[in-house]
Amino acid sequence: MGIILGNGKRINEAGELIAAEVLIEDGRIAAIAEQLARDGHEWIDCRGGLISAGFVDVHVHLREPGFEHKETIATGAHAAVKGGFTTIACMPNTRPAIDSAETVRYILDKAREAGKARVIPYGAITVRQLGKELTDFAALKEAGIFALTDDGVGVQSSATMKEAMKRAKELGLSIVAHCEDDDLITPGSALHDGVVAARHGLPGIPSESESIHVGRDILLAEQTGVHYHVCHISAKESVRLVRDGKRAGVNVTCEVTPHHLLLCDEDIPEDLNANWKMNPPLRGREDRAALIAGLKDGTIDIIATDHAPHTAEEKANGIERAPFGIVGLETAFPLLYTHLVLTGELTLKRLIELLTVKPAAIFGLPYGRLEVGAPADLTVLDLEAERTIDPSTFASKGTNTPFAGWVCKGWPTLTMVNGAIVHREAE
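Model, not experiment: these values are computed from the prediction. Along each chain, numbering runs from 1 in the same order as the chain's sequence is written. Given that this is a predicted model, residues contribute local features only at a pLDDT of at least 70 and side-chain atom pairs are listed and counted only at 80 or more, while totals for whole chains, interfaces and linings are drawn from all residues. For side-chain calculations, the full set of non-hydrogen atoms in the structure is used, while hydrogens and water are omitted.

**Remarks on the overall build of the chain**
Along the chain, the regular secondary structure elements total 13 helices and 18 strands. To get the radius of gyration, use the C-alpha atoms; to get the globule rule, take the number of residues to the power 0.38 and multiply by 2.2 Å. Relative to the 2.2 N^0.38 estimate, which gives 22 Å for 427 residues, the radius of gyration of the chain is 21 Å and therefore close to what a compact globule would have. Based on the C-alpha atoms only, the size of the chain along its principal axes is roughly 65 × 50 × 45 Å. Within the span of the chain, comprising 427 residues, buried residues form 61% of the whole. Contacts spanning at least 24 positions in sequence make up 74% of the contacts within the chain whose residues lie at least 6 apart. Counting every atom, the chain has about 16,400 Å² of accessible surface; 47% of that belongs to carbon and sulfur. Counted as positive: Lys and Arg. Counted as negative: Asp and Glu. His and the chain ends are not counted at all. Throughout, a charge is located at the NZ atom of Lys, the CZ atom of Arg, the CG atom of Asp or the CD atom of Glu. For the chain, the centre of its 43 positive side-chain charges and the centre of its 60 negative side-chain charges are spaced 1 Å apart. Put simply, DSSP H or I for four residues or longer makes a helix, DSSP E for two residues or longer makes a strand, and each gets a number counted from the N terminus. Partly exposed residues are those whose accessible area sits between 20% and 50% of the maximum for their type, while under 20% is buried and over 50% is exposed, using a 1.4 Å probe and protein chains only. Only heavy atoms matter for contacts: two residues are in contact if any of them lie within 4.5 Å across the pair. All accessible areas in this document rest on Shrake-Rupley with a 1.4 Å probe, and a residue is counted as covered only by the protein chains that are shown.

**Re the sheet that holds strand β14 (residues 252-256)**
At least two DSSP bridges between two strands are required for those strands to pair. Here we have five strands laid out as an open sheet, ordered β9-β10-β13-β14-β15, and parallel in their pairing. At either end of the open sheet lies a strand with only one pairing partner, and these are β9 (147-149) and β15 (302-303). As judged from the two bridges shared by β14 and β15, these two strands associate in the parallel manner. From the neighbouring strand, E255 faces β15, where its bridge partner is I302.

**Some words on the nonpolar core**
If you look at the biggest cluster of nonpolar residues, it comprises 97 residues, and the most contacted ones within it are I175, Y228, L261 and F333. In terms of residue count, the dominant contributor to this core is helix α11 (residues 332-341) (seven residues). Grouping buried Ala, Val, Leu, Ile, Met, Phe, Trp, Tyr and Cys residues that are joined through side-chain atoms within 4.5 Å yields what is termed a nonpolar core. Membership of the second largest hydrophobic core comes to 17 residues, among which are V56, A89, Y122 and A147.

**Let's talk about empty space enclosed by the protein**
Using a 1 Å grid laid over the protein atoms alone, points where a 1.4 Å probe fits but cannot get out form a cavity; open sets with protein on both sides within 12 Å along at least 5 of 7 lines form a pocket; any residue with an atom within 4 Å of a point counts as lining. Grid points are joined across faces, edges and corners, and a volume is the space filled by probe spheres set on the points. For the coordinates displayed, the defined rule picks out six cavities of 30 Å³ or more. Of the voids in this model, the largest cavity is the one considered here, and its volume is about 50 Å³. In terms of lining residues, the largest cavity is bounded by P258, H259, T305, I326, V327, G328, T331, A332, L335 and F403. Where the lining of the largest cavity is concerned, the elements lending two or more residues are α8 (258-262) and α11. Residue classes in the lining of the largest cavity are distributed as six nonpolar, four polar and no charged. Charged residues are taken to be Asp, Glu, Lys and Arg, nonpolar residues to be Ala, Val, Leu, Ile, Met, Phe, Trp, Tyr, Cys and Pro, and polar residues to be all remaining types, Gly included.

**Topic: the sheet that holds strand β8 (residues 118-121)**
If you trace the three strands from one edge of the open sheet to the other, you get β6-β7-β8, paired in parallel fashion. A single partner strand is all that each edge strand has here, and the edge strands are β6 (55-60) and β8. The sheet shows a mean angle of 20° between the axes of neighbouring strands, taken without regard to direction. Bridge count for β6 against strand β7 (residues 85-90) is four bridges, and the pairing is parallel. In the sheet register, F55 faces β7, and the bridge partner there is F85. A fitted line through C-alpha atoms represents every axis, and for helices the fit uses only the stretch in contact; the resulting angles, taken between N-to-C directions, go from 0 to 180 degrees.

**Thoughts on helix α12 (residues 348-355)**
Each turn of an α-helix holds 3.6 residues, which means side chains three or four residues apart point in the same direction. Burial analysis of α12 places six of its eight residues in the buried class, the great majority of the element. Among the residues making up α12, those that are buried are L348, R350, L351, I352, L354 and L355.

**Structural notes on the environment of R369**
Checked against the element boundaries, R369 lands in the loop between α13 (357-362) and β16 (378-388). A residue is classified by how much of its surface remains accessible, and R369, at 29% relative accessible area, is partly exposed. In this structure the C-alpha to C-alpha distance between R369 and S392, which are 23 residues apart in sequence, comes to 32 Å. In contact with R369, not counting residues within four places along its chain, are I29, A53, V357, A374 and P375. Any pair of nitrogen or oxygen atoms within 3.5 Å is treated as a polar contact; in protein, a donor-acceptor pairing is required on top of that, and neighbouring residues in sequence qualify only through side-chain atoms on both sides. A distance of 2.5 Å separates a polar atom in the side chain of R369 from a polar atom in the side chain of E371.

**What about the pairing of strand β3 (residues 28-33)?**
In this structure, strand β2 (residues 17-25) lies alongside β3, joined through five bridges in antiparallel fashion. Residue I24 lies in a different strand from β3, and its bridge partner there is I29. Counting the residues between successive antiparallel strands, the hairpin from β2 to β3 contains two residues, one of them, D26, with a positive phi of roughly 55°.

So, in structure tokens, the structure goes:
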């Protein structure tokens, strides 16, 4: 017998919330209807919650192997399902880097042991992410990677990036880029090169350090025909370049994070709390407005968290010495629902698409769909539940968030992966 998620709702094509129940059998969605006969199936009361396809996050740092004091595959995968994410893609800036088949297999084994979110690893573009020697793309693909990136650092050499794109195209792999030109950044820079950095007399990270790589890589993608995806886009110039690239027919896509959509550098508190330090940094008001506009007009394809846990001790070292990054898996949907959907910036249907079917489709993944026959990766959302973000309750080892104390609506109450319940809020 199967499981019925009953007394729920779903979003129809018109964007309306309608009554829905979902039958899960053998790890897949067997039926969706306004009401289903119980017929001996296990019945779970969704209490009027929204039943959605499980969220897909293509940008997560799980830190293992090498930095297990910050996060492990198990704790990160737990944080994911608590936030409604059923598939997460882990970045290769571990130690060792994900630059060998052996490390890929290690991550996949650890993820299976954890039994929470599905973890799909990236492979590093270059050995040890040093930007010089290309990894064995074919061996990495055979071991189980789904795309290639050196995220955490930008590939500085144009020749290296072009050759990587050529080889990736031959193998049907995507090139995913952290866009950052090191020549344009003063060592030790922590904030956007804007009003806040100037007020505190600190060197800033200029927007062009990102956008120059975006422009370069779009031209290289046009030459090679590879699918090219821009990580955590943050600058208005970068949005313009992606828009122009799409219009020219280049196979370019990009993602934006919740924090870049909701915050700008002027929101950073005067004490320069390092939980507001991330890379790329929070940029200016005009940049944030451009990101919202890009999301609305389709220039920006998806939302990804860039979940980047660090210890409290590391973040206590001050804005200049603390590492870059904030956590995001457990707060993404409530933040976006409260501050974009309930404010009228986005529809709920659009937000769900940006977190489910869109990221899956970009990378050819068979997830993120609420339809009969699809894998039963599902999340149930209580759109009325209001809660204060409290890092002490996180499943992640990381508590580094600028959103502590924010009051949000729309919290996941149940998450399933392949038909198995992997997270359930206490009733």
